[in-house]
Amino acid sequence: MDIVFGYYFLNDFFIELIRRLAVFFEPSHGLFIGYLLSSLIIALLFYSFEFKAEKPFFVIKKIISSHRLMSRSTRDDVVFYFVDKVLFGFIYTAIIPISYLFKEYVHSALLFISFIQLDISLSFFLSLILTFGAIVVFDFAVFIEHLLSHKIRFLWEFHKIHHIAENLTPFTAYRTHPINQMTFIFIVSFFSGLYSGIVSYIFKNQDVFIVFAGQNIFMFILLMFGLNLQHSMVFLKYPQFIRSVLVSPAYHQLHHSSATKHHDINYAFIFSFWDKLFKTQIMPGENEGLAFGVTGEKYSSYAGVLKMYITPFRRVAKRMRKKKRE
């Protein structure tokens, strides 16, 4: 019996492992090769304009050299992704359905109080508005989680492994400690579940949201237009009328800057107006040649997968001992 159970467990584990390895070919994932290629094309166009270069070879060489692909920071980005998000990804897969639980709880609560329902067929335009609402709610949840990860000392110790990166790549976005990742999933699931529960109840479980290639249609558009460049060395600013609404790569790179003047700013992920609302916004100016990392911390303290897992716990324990002595 134990042998049979073990066989099925290993079989399911390896099937899920292969599925997580296949994310580069799944447009429902942010690291889909199509999104990475579109980001590369945008980077090529930007560098061609920035350096007034017409030779593609020069531009490609510039992009590669600026990202220091053989640096320890980049290597750690990639290795940590495959260990934490692929090999141990089943941990997160197990708790992601919590958003559906929140949705069902909200639905049941509204049903219990006989909240109003609309007996209408959804038009494309209304679905588009509700789909946009979903991305706004999602982004607000991401903003709140990100803000808390900086303001709450306990969470900040774990969030440091993301900010300790000395140069940025799309894999840096996934350099998140399990403690932060689970906090992220819980907060985003709560807000998204609340919104989808209310909407699905009011419109009687119709297919409310517009999904394309496994993504909210607006998220798909953002990914195709270079969302992955937020974690890159491409200091791309948007025109004034765009950056007052959307987060540009340069905007987010200021958030990763180790300069004191850039501490605790630009928490937003998609919509920059959250920072304006919470007074945490600095718009990027000229490219200052930003240095990335955490002030007062050495990269060597977090270098390698094992240290990225363990060092935050050591920092928390040290802080607790210090507080106890006081």
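Remember, it's a predicted structure, so these values are computed and weren't measured experimentally.

**Let's talk about the overall build of the protein chain**
Summing up its helical and strand segments, the protein chain has 14 helices and two strands in all. Along the first, second and third principal axes, the C-alpha atoms of the protein chain reach 60 × 55 × 50 Å. Looking at the protein chain residue by residue over its 326 residues, the buried ones come to 46%. Of all intrachain contacts in the protein chain linking residues separated by at least 6 positions in sequence, the fraction that spans at least 24 positions is 74%. Roughly 18,300 Å² of accessible area belongs to the protein chain as shown, and the carbon and sulfur atoms make up 70% of that amount. Seen as two clouds, the 32 positive and the 22 negative side-chain charges of the protein chain have centres 10 Å apart.

**Section: the UniProt feature "domain: Fatty acid hydroxylase" (unreviewed entry) in the protein chain**
In the UniProt entry, the feature "domain: Fatty acid hydroxylase" (unreviewed entry) is given for residues 133-280. Between the first and last C-alpha atoms of residues 133-280 the distance is 23 Å; the span itself is 54% helix and 3% strand.

**As for the packing of aromatic side chains**
Geometrically, a pair of aromatic rings is defined through the distance of the ring centres and the angle of the planes. If you walk through the whole model with that rule in mind, you get 26 aromatic pairs. With centroids separated by 6.2 Å and ring planes inclined at 40°, the aromatic side chains of F24 and F82 adopt a geometry described as tilted. Taken together, the residues span a long stretch of sequence, with F24 in the loop between α1 (2-21) and α2 (33-50) and F82 in helix α4 (residues 72-87) at a distance of 58 residues. Relative accessible area serves as the criterion here: at 17%, F24 is assigned to the buried category. An aromatic cluster is present here, built from F102, F132, F140, F186, F190, F191, F218, F271, F273 and W274 joined pairwise through their rings.

**Comments concerning the nonpolar core**
Core analysis: the largest hydrophobic core is formed by 26 residues, its most contacted members being I135, F138, F143, M219, I270 and F271. Where this core is concerned, the elements lending two or more residues are α7 (124-151), α9 (178-202) and α10 (217-224). Among the elements that take part in this core, α7 stands out by supplying eight residues, more than any other. In terms of nonpolar packing, the next biggest core, distinct from the first, is built from 11 residues, L130, Y195, V199 and Y201 among them.

**Focus: α2**
Across its 18 residues, α2 extends 25 Å between first and last C-alpha, which sits within 8% of the 26 Å expected from 1.5 Å per residue. Every buried residue of α2 is accounted for by Y35, S38, S39, A43, F46 and Y47. Buried-residue contacts for α2 involve α3 (56-67), β2 (215-216) and α10. Of the residues flanking the end of α2, it is K52, one or two places downstream, whose phi is positive at about 50°.

**Some words on the environment of M219**
Here M219 lies in helix α10. Taking the relative accessible area as the measure of exposure, M219 reaches 9% and is therefore buried. Taking the C-alpha atoms as reference points, M219 and G89, 130 residues apart in sequence, are found 22 Å from one another. Setting aside residues no more than four positions away along its own chain, M219 makes contact with I135, F138, L227, F269 and I270.

**Re the side chain of H262**
Within the element layout of this structure, H262 appears in the loop between α12 (249-256) and α13 (273-277). A distance of 2.8 Å separates a polar atom in the side chain of H262 from a polar atom in the side chain of S257. Once residues within four sequence positions are removed from consideration, H262 is found in contact with L254, H255, S257, E288 and L290.

**A few points about the layout of surface pockets**
Each pocket or cavity is described by its volume, and for the second largest pocket that value is around 470 Å³. Considering the residues around the second largest pocket, the lining is formed by 22 residues, among which L40, I63, H67, L69 and P170 are closest to the centre. At the level of secondary structure, the elements contributing two or more residues to the lining of the second largest pocket comprise α2, α3 and α4. With seven residues, α2 is the largest single contributor of residues to the lining of the second largest pocket.

**Re a positive patch on the surface**
A contiguous patch of positive charge on the surface is contributed by K318, R321, K322 and R325. Mapped onto the secondary structure, K318 falls in helix α14 (residues 305-325).

**Side note on a nonpolar patch on the surface**
On the surface, F112, I113, F115, I116, L118 and I120 cluster together into a nonpolar patch covering about 630 Å² of accessible area. Within the secondary structure, I116 is located in the loop between α6 (98-112) and α7.

**Some details on the UniProt feature "transmembrane region" (unreviewed entry) in the protein chain**
UniProt records the feature "transmembrane region" (unreviewed entry) for residues 30-49, 78-102, 122-144, 184-203 and 209-229 in the present numbering. The span residues 30-49 carries 85% helix and 0% strand; its end-to-end C-alpha distance comes to 26 Å. Taken as a whole, residues 78-102 contains 84% helix and 0% strand, while its terminal C-alpha atoms sit 33 Å from one another.

Rules used throughout
- Residues numbered from 1 in each chain as written.
- Predicted model: local features only at pLDDT ≥ 70, side-chain atom pairs only at ≥ 80, totals over all residues.
- Heavy atoms only, no water.
- Helix = DSSP H or I, 4+ residues; strand = E, 2+ residues; numbered from the N terminus.
- Buried < 20%, exposed > 50% of the residue type's maximum accessible area, 1.4 Å probe, protein only.
- Contact = heavy atoms within 4.5 Å.
- Areas by Shrake-Rupley, 256 points an atom, 1.4 Å probe, with all protein chains shown as cover.
- Lys, Arg positive; Asp, Glu negative; His and termini not counted.
- Charge placed at Lys NZ, Arg CZ, Asp CG, Glu CD.
- UniProt positions renumbered as here; feature names shortened; annotations may be inferred.
- Phe/Tyr/Trp six-rings, centres within 6.5 Å; stacked < 30°, edge-to-face > 60°.
- Core = buried A, V, L, I, M, F, W, Y, C linked by side-chain atoms within 4.5 Å.
- Expected span 1.5 Å × (residues − 1).
- Polar contact = N/O pair within 3.5 Å; in protein donor to acceptor, adjacent residues only side chain to side chain.
- 1 Å grid on protein atoms, 1.4 Å probe; cavity = no way out; pocket = protein on both sides within 12 Å on 5 of 7 lines; lining within 4 Å.
- Points joined across faces, edges and corners; volume = space filled by probe spheres on them.
- Patch = residues over 30% accessible without salt bridge, like charges linked within 9 Å, V, L, I, M, F, W, Y side chains within 5 Å.
- Salt bridge = Lys/Arg side-chain N within 4 Å of Asp/Glu carboxyl O.

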